[in-house]
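Okay, here's what each chain looks like letter by letter:
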Amino acid sequence: MWDDAFPSFLIGLREGLEGGLIVSILVATLVRAEARSRLPQVWTGVLAAIAVAMSFGAVLTFTAASMPETAQEAFGGTLSVIAVAFVTAMVFWMRRSARNLSSELRQKVTGALAMGSGMLILTSFLAVGREGLETALFLWTTAQAAGESAGPLTGAAIGLVLATGLCWGLYRRVLKINLTKFFTATGVVLIVIAAGVLGYGLRDLQEGGVLPGGTAYAVDLAGSVDAGSWYSTLIQGVFNLMPTMTWLQVIAYVAYLAVVMTLFVRGVRATTPEPEAGRAAAEGAAAPKPAARRRPVWVVPAAVVAVPAVVAGLLVALGRPKPAGDQTVAVSESDCGKGFTAPKPGRQTFRMRNTGRQAAEVYLVDPSTNAVYGEIEGLAPGTTRDLVATVAGGTYAWRCVPASGKAVTSKPVTVAGGGAARPVAPVSEQDLAAPLASYRTYVGKGLDTLVAQTGTLQHDIEGGHLDKARTDWLTAHRTYASLGAAYGTFEDFDQKIDGRADGLPGGEHDKDFTGFLRLEYGLWHGQSAKELTGPARRLSADAAGLRKAFPSQDFDPGDLPLRAHEILENTLQFELTGDTDEGSGTNLATADANLAGTRELLTVLAPLLTHRAPKALPTVDGDIDRVQKLLDAAHDGAHWTPVEKLSAADRQRLDGATGQLLEDLAPIPDLLEIRKSA
């Protein structure tokens, strides 16, 4: 988590120290002026500034959450660019102002004392508020880049706590910090981080359709960089440098870094640092003793804090963006697309209302090619749901497929203009027929091998050759594990052959615990050949029964794309955690067989994937090769390293590489989903 926390830690430390120094100087000046009765006014302004900053963060979060996905990307990208501008301005301002910060603030406080309590509250509010808003904006953008909030919030909290401690020390005259040197050093690091945030923001704007060049890649190291490695995670988290970057990202990153860093370094050389710049935090200029005033009622600060929160709540509740499109399109068994008119190019939101009596699948299609631009599955009668799609120049129509009955297609409309939209070429059962036949052949051969291997295992155990049985058990189990895409077809045989003891009343000793894992438990827990003969015969019989039943079993062609992701999802959940280990310590061998099964499945699906997602297979192949290398390093001949004996670094690397592979496999079920057309 530290890679995501570090940028926020740095901004929390800088902004917290800046705001804390201001508060320290305000308090010191009032104390020196014997105006302690005015301190609640300072804290009122500080609390109000904090409330505004937190409310600002809430508005950003809920505003983005209510937008369509592409609008979220454009919104986040815009705020990232704004955050870079704020951070850049802050870096240069602090470089110039660090030497004279104390004296300037004392002059402002002295003037505020003469003008009354309202001005003192405003002074402290404005002094802290700017840092608070900058911090909220930067935290929000870094959390968006990291894809999670725990790391950035933790880093910012640590930075703010440390800054508070430093400012307290300065106020108590126990610390001396050269502010010029401090802000120079952190400024250099922040400029590098801001360059990465700028690149990330521009990528969001490209994905949101605001900027062009989203597919013009200058750097594409996805096939050669281990995305799960510690160094890759650190670089991506701290600097926002990704394995794949567009030309716009690279040019902006290099240009920003070259220009801003050059100007910053030149400015530092031209400035003579002032030692002991932090001493002023503990000193205050004498100010005229103000006229006695009554301590303000504490309801005032409470109200000041509450008002921004209430305003933020109203903005979130009432100010949610409306859908980009204002068309309501009717869906029914007899009339599809009523109310549909030619929309403008760009990201559009259509409100689909089912006015019929049946649930329906709804597709926005190109009627000439049947390519799908957007879809809703299972739109129930009387309900309304939003369908979001990107529309470019071309011809569009709605296709409504009721639960029973024929599909209905609306009249086509023509959209004028340019732009680019990415439809999904439809896949039918006929398209999957050839891949399914190839995979059925692969599974059939695998089951032939399995029958022979479980027979050998049975003979080993019946003959009392338990050492040989352990070797032959692993061979047979790996064969079965390589058939993962067919598990849903095997019906009850899968539970009999590879079922777990979890949930059984007797656990590993339950009579219904059978198959490979039952034999694994016995072979590696000292059970005799006599005790294992029955389970071995039953496993051999179940394997033979599955081979006989398989040709007539119903293999849903839609299972093939789904299994491309699910096989390794189960591997990550059960094998790479050691959850299914019954004593052999061979979970990684099973994972290796699962990987081989996934590779075979992708081979038969390749013809359908190549023209639908030309970059998907090369990326996935690179991911598979990375996982394969990590698994190869975990065994020596027939000996496999148990999962729990992997080093922390190796286990993290394997989990990360598998997670990246799963992420790149995730779009395949959607790309190859069978869409109803009749």
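Parameters and conventions
- Residues numbered from 1 in each chain as written.
- Predicted model: local features only at pLDDT ≥ 70, side-chain atom pairs only at ≥ 80, totals over all residues.
- Heavy atoms only, no water.
- Core = buried A, V, L, I, M, F, W, Y, C linked by side-chain atoms within 4.5 Å.
- Buried < 20%, exposed > 50% of the residue type's maximum accessible area, 1.4 Å probe, protein only.
- Contact = heavy atoms within 4.5 Å.
- Disulfide = S-S within 2.5 Å.
- Helix = DSSP H or I, 4+ residues; strand = E, 2+ residues; numbered from the N terminus.
- Pairing = 2+ DSSP bridges.
- Axes fitted to C-alpha atoms, helices over the stretch in contact; angles between N-to-C directions.
- Phe/Tyr/Trp six-rings, centres within 6.5 Å; stacked < 30°, edge-to-face > 60°.
- Lys NZ or Arg CZ within 6 Å of the ring centre and 35° of its normal.
- Polar contact = N/O pair within 3.5 Å; in protein donor to acceptor, adjacent residues only side chain to side chain.
- Parallel < 35°, antiparallel > 145°, perpendicular 65-115°, else oblique.
- Left-handed = near helix turned anticlockwise from the far one by under 90°.
- Nonpolar A, V, L, I, M, F, W, Y, C, P; charged D, E, K, R; others polar.
- Expected span 1.5 Å × (residues − 1).
- pLDDT = per-residue confidence, 0-100.

Student: For this particular structure, what's the right way to read the nonpolar core?
Tutor: A general feature of soluble globular proteins is that nonpolar side chains tend to end up buried together. Residues Phe490 and Leu588 are the most contacted members of the largest nonpolar core, which totals 67 residues. Ignoring anything within four residues of it in the chain, the contact list for Leu588 reads Leu576, Leu631, Ala634, Trp640, Thr641, Val643, Leu646 and Leu654. Counting 22 residues, the second-largest nonpolar core is a separate cluster that includes Val331, Leu364, Ile376 and Leu379.

Student: Looking at this model, I keep getting lost on the state of the cysteines. Mind explaining?
Tutor: What is meant by a disulfide is a covalent connection between two cysteines, made through their sulfur atoms. A complete count under the given rule lists one disulfide for this structure. Across the disulfide, Cys336 is cross-linked to Cys400 (sulfur-sulfur distance 1.8 Å). A torsion of 65° about the S-S bond marks the disulfide between Cys336 and Cys400 as right-handed. Note that Cys336 is positioned in strand E4 (residues 336–338) and Cys400 in strand E9 (residues 394–402), a separation of 64 residues in sequence. Pair check on accessibility: Cys336 and Cys400 agree, each one buried.

Student: When you look at the sheet that holds strand E3 (residues 328–331) in this model, what are you seeing that I'm missing?
Tutor: Pairing between sheet strands relies on hydrogen bonds along the backbone, with the strands arranged either parallel or antiparallel. Strand order in the open sheet formed by four strands is E4-E3-E5-E8, with mixed pairing between adjacent strands. Strand pairing shows two members of the sheet lacking a second neighbour, E4 and strand E8 (384–391), which therefore form its edges. Mean inter-strand twist for the sheet, computed between neighbouring axes without regard to direction, equals 35°. Pairing of strand E5 (residues 346–354) with E8, which is carried by eight bridges, proceeds in the antiparallel orientation. If you follow Arg347 over to E8, its bridge partner there is Thr390.

Student: When you look at the packing of aromatic side chains in this model, what are you seeing that I'm missing?
Tutor: Pairs of aromatic rings are described using the distance from one ring centre to the other and the angle between the two planes. For the structure on display, the rule yields eleven aromatic pairs. Between Phe350 and Trp398, the ring centres sit 5.4 Å apart and the planes meet at 80°, which makes this aromatic pair edge-to-face. On the criterion of sequence distance, the pair formed by Phe350 in strand E5 and Trp398 in strand E9 is long-range, its members being 48 residues apart. Residues Phe350 and Trp398 agree in their burial class; the two are buried. A centroid spacing of 5.3 Å and a plane angle of 45° characterise the contact between Tyr439 and Tyr442, whose relative ring orientation is tilted. Residue Tyr439 and its partner Tyr442 are located together in helix H11 (residues 433–462), separated by three residues, close to a single helical turn. By relative accessible area, Tyr439 is classed as buried at 0%. Of note, Arg440 hangs over the ring of Phe550, and the distance from its end group to the ring centre comes to 4.7 Å. The aromatic ring of Phe493 is capped on one face by Lys496, whose charged end is 5.3 Å from the ring centroid.

Student: Help me understand unusual backbone geometry in this model?
Tutor: Excluding glycine, most residues fall at negative phi; most peptide bonds, likewise, are trans. A positive phi angle, near 65°, is found at Asn370, a position not held by glycine. The residue Asn370 is located in the loop between strand E6 (360–365) and strand E7 (372–379) in this model. Among the residues examined, Asn370 registers a relative accessible area of 32% and is labelled partly exposed.

Student: Looking at this model, I keep getting lost on the side chain of Ser584. Mind explaining?
Tutor: Mapping Ser584 onto the fold places it in the loop between helix H16 (559–575) and helix H17 (587–610). Relative accessible area serves as the criterion here: at 14%, Ser584 is assigned to the buried category. A distance of 2.5 Å separates polar atoms of two side chains, one belonging to Ser584 and the other to Glu520. Not counting residues within four places of it along the chain, the set of residues in contact with Ser584 comprises Trp473, Glu520 and Trp524.

Student: How should I be thinking about the environment of Asp625 in this particular structure?
Tutor: Along the polypeptide, Asp625 turns up in helix H18 (residues 616–632). Taking the C-alpha atoms as reference points, Asp625 and Leu595, 30 residues apart in sequence, are found 9.9 Å from one another.

Student: How should I be thinking about the packing of H11 against helix H15 (residues 529–549) in this particular structure?
Tutor: Pairs of packed helices are described in terms of their axes, by the angle between the two and the distance that separates them. At a minimum axis distance of 9 Å, the contact between H11 and H15 shows a crossing angle of 165°. The orientation of H11 with respect to H15, classified from their angle, is roughly antiparallel. Here H11 runs over H15; the crossing is left-handed. In this structure, H11 uses Gly444, Leu447, Asp448, Leu450, Val451, Thr454, Gly455, Leu457, Gln458, Ile461 and Glu462 to contact H15, whose residues at the interface are Ala529, Leu532, Thr533, Ala536, Arg537, Leu539, Ser540, Ala543, Ala544, Leu546 and Arg547. Classifying every residue of the contact of H11 with H15 gives twelve nonpolar, six polar and four charged.

Student: Quick question: what am I supposed to make of the environment of Arg422 here?
Tutor: Its location among the elements puts Arg422 in the loop between strand E11 (413–415) and H11. Given the relative accessible area of 69%, Arg422 is considered exposed. Counting along the chain gives 33 residues from Arg422 to Ala389, while the straight-line C-alpha distance between them is 9.5 Å.

Student: Looking at this structure, I do not really get H18. What am I missing?
Tutor: An α-helical turn contains 3.6 residues, so a residue and the one three or four places further along point in the same direction. Along its 17 residues, H18 runs 24 Å from first to last C-alpha, staying within 8% of the 24 Å computed at 1.5 Å per residue. Taken as a whole, H18 has its buried residues at Ala616, Leu617, Val620, Gly622, Asp623, Ile624, Arg626, Val627, Gln628 and Leu631. Residues of H18 that are buried make contact with H17, strand E12 (635–636), strand E13 (639–640) and helix H19 (648–665).

Student: Quick question: what am I supposed to make of H15 here?
Tutor: The end-to-end C-alpha separation of H15 is 30 Å, in line with the 30 Å expected for 21 residues at 1.5 Å each. Every buried residue belonging to H15 is among Ala529, Leu532, Thr533, Pro535, Ala536, Leu539, Ser540, Asp542, Ala543, Leu546 and Ala549, and all of these are buried. As for H15, its buried residues are in contact with H11, helix H12 (466–481), helix H13 (493–498) and helix H14 (516–523).

Student: Could you clarify how one ought to interpret the confidence of the model for the protein chain in this entry?
Tutor: In low-pLDDT segments, the atomic positions of the prediction should not be examined closely. Averaged over all residues, the pLDDT of the protein chain is 76; the fraction at 70 or higher stands at 64%. Segment residues 273–301 is flagged for pLDDT under 50; beyond a separation of four residues in sequence, or across chains, it makes 53 contacts in the model. Within the model, pLDDT remains below 50 along residues 315–325, and this stretch shows 19 contacts once partners closer than five positions in the same chain are excluded.

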